[in-house]
Amino acid sequence: MAIACVATRANKGVESPAVTVEVHLSNGLPAFNLVGLPEASVKEAKERVRSAIINAGFEFPMRRITVNLAPADLPKQGGRYDLPIALGILAASKQLPINSLKDHEFVGELALSGHIRHCPGLLPVIVEARKQNSHLVVPLDNRSDADLVGFNKVIFATHLQTLSEYLHGQTKLPGIESGLEWIETDKQVEPLCFSDVIGQYQAKLGLEIAAAGNHNVILLGPPGTGKSMLASRLMQLLPPLDYDEALEVATLHSVAGQSINPKVFYRRPFRNPHHTSSAISLVGGGSNPKPGEISLAHRGVLFLDEVIEFPRKVLDCLREPMETGEVVISRAAAKLTYSSRFQLIAAMNPSPCGDIDNARATPDQIQKYLSRLSGPFLDRFDLSIDVPRLPSGALTQKESSAETSESIAQRVKMARETQLNRAGVLNSELTGKQLKQIGGFKQVDLEFLEQSVNRLGLSVRSFHRLQRVARTIADLNHCHLVERKHIAQALGYRAMDRLLHSLKAQY
């Protein structure tokens, strides 16, 4: 029977389900039929495969060719199926030994000359092949993806003819070198440092707390006070990713069609979308659903500068992913889940004219301006930090040597290790039950916190978020129990609540 089966993998978000390419040659008028829910880019493989087989020195069978991509209910897209389809035709026509295709998976796009081209989004394929411990043949141009995974059964192919020689046992193809170790080497000559920021000690301390507990922060202050400058330096306080986390982040970027630089493999992502971004660009989606900015910021920081200029509907799309740590994109063809456990840093002005003091806007205009941000969205922030104007003379006077990001990062690292040793997660991920069991709060202090929350008109969610912030402050101070002063300091980082409360009092 002139039939051959070739193993490959599809692209379904960050997953790579197995696909079997079944090729059958039968008698009848020459034809080339492709079934199995192929999209337009896959249907065009018929012409690429025909030319590649002929130009590589093989004979294209003038018979009735039926190619089935199984399972039939899984949508197939992209040029990654060119290589397995070509190999299936060659094996079914006895130009390749069928047994040589066993225990192998093939992915690659074919040029008309038979050259095997780069395919985007192959990192999930390599990760899944490592789990299944099967030999995987990929284009040589995808070597950087394979090096990140370090799977020693990955084989690189450059041309259909040389791959045929390998399958005939006549030659060997290059693979992954053993003993690879990726170390971040792309260091900036002059990295951003907190010592560059003049003054703003309260804001610096707030960002240190945010970095230690992975808390969401909103920076509130007039233009030119250093909000964006502070947010861009937060990355210097965060520890690098471990290997599994870095591979998880790289997989999301690979699925989005972005290249991965091995030199910054362990660096946490920092995403800074413009306020004209749409909901799809932030959350993800499209006709061919891809990760959005919140997924590309997974395990890192999402910075929304001028957050109040974002459309309200766009910002409200972030509320659920901020709580669950993932975003689910449902379409008619598929339902995809992308991880989105990010730290949100936002910056904004307190009024439409920029400043709340000596403002040209009336209280009613200021309240209307602030109402662009919904209450539930503001409720997702653990800290709202006031970034005021510098006092007179601060720009010209000689400042004593300010603390560097490196020394702050050491304290952040120790606090994070304390949290992970205590609960296995950072303080921002503690549940209400965990706060009761291992939070280290006294009952009288919790009653004080509840009274403060009721006085400010905050929600139960804010009550728990204040506990998490106070727990982080205690960890930075090496305190086993949370004291009243830690709770008071956490309450001090509620600049937005105080602003809204003062505006209400003016009516």
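Located above this text is the structure these notes cover.
Residues numbered from 1 in each chain as written. Predicted model: local features only at pLDDT ≥ 70, side-chain atom pairs only at ≥ 80, totals over all residues. Heavy atoms only, no water.

### With respect to the environment of Thr431
Put simply, the rule reads: Secondary structure elements follow DSSP: runs of H or I no shorter than four residues count as helices, runs of E no shorter than two count as strands, and numbering proceeds from the N terminus.
Within the secondary structure, Thr431 is located in the loop between helix H16 (405-423) and helix H17 (432-438). Taking the C-alpha atoms as reference, Thr431 lies 58 Å from Ala92; in sequence the two are 339 residues apart.

### Section: the sheet that holds strand E11 (residues 270-271)
Counted only if it meets this: For two strands to be treated as a pair, DSSP must find at least two bridges joining them.
The strand order across the open sheet formed by five strands is E11-E14-E17-E10-E18, and the pairing between neighbours is parallel. Looking at the sheet topology across the chains shown, the edges are occupied by E11 and strand E18 (383-386). Relative to strand E17 (residues 343-348), strand E10 (residues 217-220) runs parallel, the two sharing four bridges. The residue of E17 that forms the bridge with Leu219 is Ala347.

### Here we look at the pattern of salt bridges
Put simply, the rule reads: Whenever Lys or Arg places a side-chain nitrogen within 4 Å of a carboxyl oxygen from Asp or Glu, that contact is recorded as a salt bridge. Residue exposure (1.4 Å probe, protein chains only): buried if accessible area is under 20% of the type maximum, exposed if over 50%, otherwise partly exposed.
For the structure shown, the criterion picks out 24 salt bridges. Of the charged contacts in the structure, one is a salt bridge between Arg233 and Asp196, with a shortest N-O distance of 3.5 Å. Residue Arg233 is found in the loop between helix H8 (227-232) and helix H9 (243-255), and its partner Asp196 is found in the loop between helix H6 (160-167) and helix H7 (201-213); the two are separated by 37 residues along the sequence. Given the relative accessible area of 7%, Arg233 is considered buried. Two residues, Arg411 and Glu208, come together in a salt bridge whose shortest N-O distance is 2.8 Å. In this pair, Arg411 sits in helix H16 while Glu208 sits in helix H7, placing the two residues 203 residues apart along the sequence. A cluster of three or more residues bridged by salt bridges with shared partners is formed by Glu323, Asp379, Arg380, Asp382, Arg461 and Arg465.

### What about a nonpolar patch on the surface?
Rules: Each patch is built from salt-bridge-free residues with over 30% relative accessible area, joining like charges within 9 Å and nonpolar side chains (Val, Leu, Ile, Met, Phe, Trp, Tyr) within 5 Å. Every accessible area reported is derived by Shrake-Rupley at a probe size of 1.4 Å, with residue values counting cover from the shown protein chains alone.
A grouping of Ile198, Leu390 and Leu395 is seen on the molecular surface, where their side chains present a nonpolar patch of about 260 Å² in accessible area. If you trace the backbone, Leu395 turns up in the loop between E18 and H16. The class for Leu395 is exposed, based on a relative accessible area of 65%.

### Digging into the layout of surface pockets
Where empty space is left can be seen by rolling a probe of water-molecule size over the atoms. What counts here: Definitions used throughout: a 1 Å grid over protein atoms alone; a cavity as a set of points that fits a 1.4 Å probe which cannot get out; a pocket as an open set with protein on both sides within 12 Å along at least five of seven lines; a lining residue as one with an atom within 4 Å of a point. Grid points are joined across faces, edges and corners, and a volume is the space filled by probe spheres set on the points. Ten residues, namely Ala, Val, Leu, Ile, Met, Phe, Trp, Tyr, Cys and Pro, are considered nonpolar, four, namely Asp, Glu, Lys and Arg, are considered charged, and the remaining ones, Gly among them, are considered polar.
Here the second largest pocket is characterised by a volume of approximately 530 Å³. When contributions to the lining of the second largest pocket are tallied by element, the ones reaching two or more residues are H9 and strand E16 (335-339). Classifying every residue of the lining of the second largest pocket gives 10 nonpolar, 10 polar and seven charged.

### Some points on the nonpolar core
Side chains of a nonpolar character, in soluble globular proteins, are inclined to be buried together. Here is the rule: The term nonpolar core refers to a set of buried residues drawn from Ala, Val, Leu, Ile, Met, Phe, Trp, Tyr and Cys, joined through side-chain atoms within 4.5 Å. Any two residues whose heavy atoms approach within 4.5 Å are treated as being in contact.
Counting 45 residues, the largest nonpolar core has Val217, Leu219, Ile345 and Leu383 as the members making the most contacts within it. For Val217, the contacting residues outside a window of four places in its chain are Leu207, Ala210, Leu344, Ile345, Ala346, Phe381, Leu383 and Ile385. One finds Ala52, Phe58, Val67 and Ile116 within the second-largest nonpolar core, a separate group that totals 43 residues.

### Describing helix H3 (residues 82-92)
Counted residue by residue, H3 has 11 buried out of 11 residues, so it is predominantly covered. Turning to H3, its buried residues are Asp82, Leu83, Pro84, Ile85, Ala86, Leu87, Gly88, Ile89, Leu90, Ala91 and Ala92. Where H3 ends, the next residue or the one after it, Lys94, has phi of about 65°, a positive value.

### A word on the packing of helix H4 (residues 123-132) against H9
Our working rule: To get an axis, a line is fitted to the C-alpha atoms, and for a helix only the part in contact is used. The angle between two axes follows their N-to-C directions and goes from 0 to 180 degrees. When an angle is under 35 degrees it counts as roughly parallel; over 145 it counts as roughly antiparallel; between 65 and 115 it counts as roughly perpendicular; any other value is oblique.
Contact geometry of H4 with H9 gives a least axis separation of 8 Å together with a crossing angle of 135°. On the basis of their axis angle, the class for H4 and H9 is oblique. Facing H4, whose interface residues are Leu123, Pro124, Val127 and Arg130, H9 presents Tyr243, Leu247, Ala250, Thr251, Ser254 and Val255. Across the contact of H4 with H9, the residue classes break down as seven nonpolar, two polar and one charged.

### What about the packing of aromatic side chains?
Just so we agree on the cut-off: Classification of ring pairs uses Phe, Tyr and Trp, with its six-membered ring standing for Trp, and accepts pairs whose centres are within 6.5 Å; under 30 degrees between planes counts as stacked, over 60 as edge-to-face, and the remaining range as tilted. Charges are assigned to positions over rings by a cutoff of 6 Å between ring centre and Lys NZ or Arg CZ, combined with an angular limit of 35 degrees from the ring normal.
Enumeration over the complete set of coordinates arrives at five aromatic pairs. Over the ring of Phe448 we find Arg484; its NZ or CZ atom is 4.4 Å from the centre of that ring.

### What to know about unusual backbone geometry
Ala70 connects to Pro71 through a cis peptide bond whose omega is 5°. Positionally, Pro71 belongs in the loop between strand E4 (64-70) and H3. At Lys94, a residue that is not glycine, the phi angle is positive and equals roughly 65°. By the element assignment, Lys94 lies in the loop between H3 and strand E5 (104-106). Take Lys94: its relative accessible area is 62%, and that puts it in the exposed class. Backbone geometry places Asp103, a non-glycine residue, at a positive phi of 60°.

### Some remarks on the environment of Lys76
Within the secondary structure, Lys76 is located in the loop between E4 and H3. We classify Lys76 as buried; its relative accessible area is 0%. A C-alpha to C-alpha distance of 9.7 Å links Lys76 and Arg9, two positions 67 residues apart in sequence. The contacts of Lys76, once residues within four sequence positions are left out, are Val19, Gly36, Leu37, Pro38, Glu39, Val42, Leu69, Pro71 and Tyr81.

### Looking at the pairing of strand E2 (residues 18-26)
For a regular strand, side-chain orientation follows a simple rule: the groups alternate between the two sheet faces. One ladder, built from seven bridges, connects strand E1 (residues 3-9) with E2; its direction is antiparallel. Note that in E2 the partner of Ala7 across the bridge is Thr20. Note that E2 and E4 share seven bridges and pair antiparallel. Directly across from Thr20, in E4, lies its bridge partner Ala70.

### Examining the environment of His480
Looking at the element boundaries, His480 is found in the loop between helix H19 (460-476) and helix H20 (484-492). As a C-alpha pair, His480 and Gly439 span 41 residues in sequence and 9.1 Å in three-dimensional space.

Note that all results are geometric; they support no functional claim without further evidence.
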